[in-house]
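Structure at a glance
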Amino acid sequence: MLKTTLLKATEDSGKILQQYFNGPFEVSSKSTVNDLVTEVDKKSETAIINIIRETYPDHFILSEEVGEMKTDSSVKWIIDPIDGTVNYANGIPICCVSIGVEKDGEMILGAVYNPFMNEFFLAEKGQGATLNGKPIQVSTKANVSTSCLVTGFAYQWQDSANNPLQVLERVIKEGIPVRRLGSAAIDLCWVACGRFDGFYEHHLQAWDSAAGYLIVEEAGGKVTDFSGNRYSPYQKEILATNGHIHSALQDLVNGK
C-alpha cells in the first residue's frame, strides 16, 4: 500500500506540474530573492499530502513548503513538490516531483518524476532501482579524470573554507567536465542511471535528496558525506558516485 500511494501521489502531482507549465502563475521569494516558490509548488504539495492522508492519516510528513506535520508514526514522507523551482518558473523542463518514504529512520522507498521528459525513477530498499519500469545501474567508469560530474549551488553564499567555488575551481583545473542542472533530485537520478559518474553539493535539505540518494544506492552507487560517512538526508553535504570514483572525487572535493 505504501508503494501504491507513493506512485499515485507522484504521478498526480506530475500532472499538476504539466498543467501549469509555461502558463501564468504566481511566483514569490523565500530566504533570498532567487529562492523561489510558486503557486504550483503549493498546489502540487497539497495534492500529494491529500493523497497520503486518504490512506495514512497518522503518518509523519516533512515537506518543503509546509514544513513538518509531526505525528508519532514510524513512517515519514519527505516531499519536494517541485525540485528545480527556478527552472520551472523560467520554463526550463529540468524539474521534478521527489518523494521519499522513511520507516524507523531508514529510507525504504523513493520516487522522482520529471513529467516533461517522461522519466519516472523508482527505488525500493533491497529491490533495486528503475527508470520507467526498467532496471538501471550506475556507470562503470573507474577514473575521476575521465568522469562527467554534476553539482549545484545554494542560493545563499557560503563564505567558508573549501566553499563551492574553491571545489569547482579544482575540478575545472583538472579538466573534468562538470554540469549544473538546477535539480538535486534529477542530478542523483542521472548518477543512478549512468549519465553522470558523480555528484556533489555543499548544502541540501532533506527533501532535495531523500528519494534520489536511495535511487543511487539501489542502482549500485555509493552515497556519503564529504568525509566518507554514511549519508543521511538530514546532512547538508552529499557525495554520490558510481562507487568506482568515490575516493578520488572525495579527495578532490576536500582538496587533498
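Structure first, text after, so check above.
A brief structural summary.

Parameters and conventions
Residues numbered from 1 in each chain as written. Predicted model: local features only at pLDDT ≥ 70, side-chain atom pairs only at ≥ 80, totals over all residues. Heavy atoms only, no water. Helix = DSSP H or I, 4+ residues; strand = E, 2+ residues; numbered from the N terminus. Polar contact = N/O pair within 3.5 Å; in protein donor to acceptor, adjacent residues only side chain to side chain. Contact = heavy atoms within 4.5 Å. Pairing = 2+ DSSP bridges. Buried < 20%, exposed > 50% of the residue type's maximum accessible area, 1.4 Å probe, protein only. Salt bridge = Lys/Arg side-chain N within 4 Å of Asp/Glu carboxyl O. Axes fitted to C-alpha atoms, helices over the stretch in contact; angles between N-to-C directions. Parallel < 35°, antiparallel > 145°, perpendicular 65-115°, else oblique. Left-handed = near helix turned anticlockwise from the far one by under 90°. Nonpolar A, V, L, I, M, F, W, Y, C, P; charged D, E, K, R; others polar. Core = buried A, V, L, I, M, F, W, Y, C linked by side-chain atoms within 4.5 Å.

Below, the discussion takes up the side chain of Ser44. Mapped onto the elements, Ser44 comes out in helix 2 (residues 39-55). Within the structure, Ser44 has its side chain in polar contact with the backbone oxygen of Pro81 (distance 3.1 Å). Setting aside residues no more than four positions away along its own chain, Ser44 makes contact with Ser13, Ile16, Leu17 and Pro81.

All right, on to the sheet that holds strand 8 (residues 119-124) then. Taken in spatial order, the 8 strands line up as 4-3-5-6-7-8-9-10 in an open sheet, and their pairing is mixed. In this open sheet, the two edge strands, each paired with only one partner strand, are strand 4 (67-69) and strand 10 (134-135). The pairing of strand 5 (residues 75-83) with strand 6 (residues 96-103) spans 7 bridges and is classified as antiparallel. Looking at the pairing, Ile79 lines up with Ile99 of strand 6.

Judged by which residues are buried, strand 3 (residues 60-63) turns out to be covered on both faces: Phe60 and Leu62 on one side and Ile61 and Ser63 on the other are all buried. Sheet topology note: the strand 3/strand 5 ladder contains 4 bridges and is parallel. Opposite Leu62, over in strand 5, you have Ile78 as the bridge partner. Inspection of the sheet shows strand 3 paired to strand 4 by 3 bridges, in the antiparallel sense. Along strand 4, the bridge assignment pairs Ile61 with Met69.

Moving on, we come to the environment of Lys134. Along the polypeptide, Lys134 turns up in strand 10. Sequence separation of Lys134 and Tyr155 is 21 residues, and the distance between their C-alpha atoms is 35 Å.

What follows is about the pattern of salt bridges. Taken as a whole and assessed by the stated rule, the structure comprises 7 salt bridges. Among the ionic pairs, Glu68 bridges to Lys70, the shortest N-O distance being 3.5 Å. Here Lys173 and Glu169 are joined by a salt bridge, their closest N and O atoms 3.1 Å apart. One end of the pair is Lys173 and the other is Glu169, both in helix 4 (residues 164-173) and 4 residues apart, which spans about a single turn.

Our next topic: unusual backbone geometry. You will see that Asp104, though not glycine, has its phi angle at about 50 degrees, which is positive. Relative to the helices and strands, Asp104 resides in the loop between strand 6 and strand 7 (106-114). Classification of Asp104 by relative accessible area gives exposed; the value is 60%. We note that Asn118 has phi near 50 degrees; this positive angle belongs to a residue other than glycine. By the element assignment, Asn118 lies in the loop between strand 7 and strand 8.

Looking now at the packing of helix 1 (residues 2-20) against helix 2. To describe two helices that pack against each other, one gives the angle between their axes and the distance between the axes. Packing of helix 1 against helix 2 leaves a shortest axis separation of 9 Å and a crossing angle of 160 degrees. The angle between helix 1 and helix 2 places the two elements in the roughly antiparallel class. The two elements helix 1 and helix 2 cross, and the hand of that crossing is right-handed. Contact residues: helix 1 offers Thr5, Lys8, Ala9, Asp12, Ser13, Ile16, Leu17 and Tyr20, while helix 2 offers Val40, Lys43, Ser44, Ala47, Ile48, Ile51, Ile52 and Thr55. Considering only residue class, the contact of helix 1 with helix 2 consists of 9 nonpolar, 4 polar and 3 charged.

Tracing the backbone shows Thr151 in strand 11 (residues 149-151). By relative accessible area, Thr151 is classed as buried at 1%. Within the structure, the side chain of Thr151 is placed 2.7 Å from the backbone oxygen of Tyr200, a separation counted as a polar contact. Those residues within four positions of Thr151 in sequence are excluded, and the remaining contacts are Val178, Arg179, Arg180, Leu181, Asp187, Phe199, Tyr200 and Glu201.

Turning our eyes to something else, we now look at the nonpolar core. In terms of nonpolar packing, the biggest core is built from 39 residues, with Val112, Phe121, Ile136, Trp190, Phe199 and Ile215 touching the most fellow members. Once you skip the residues sitting within four places of it in the chain, Ile136 turns out to touch Phe121, Ala129, Thr130, Leu131, Ala192, Cys193, Ile215 and Ala219. Of all hydrophobic cores here, the second largest spans 29 residues; its members include Leu6, Ile61, Val75 and Tyr113.

The analysis is restricted to geometry; functional conclusions fall outside its scope.
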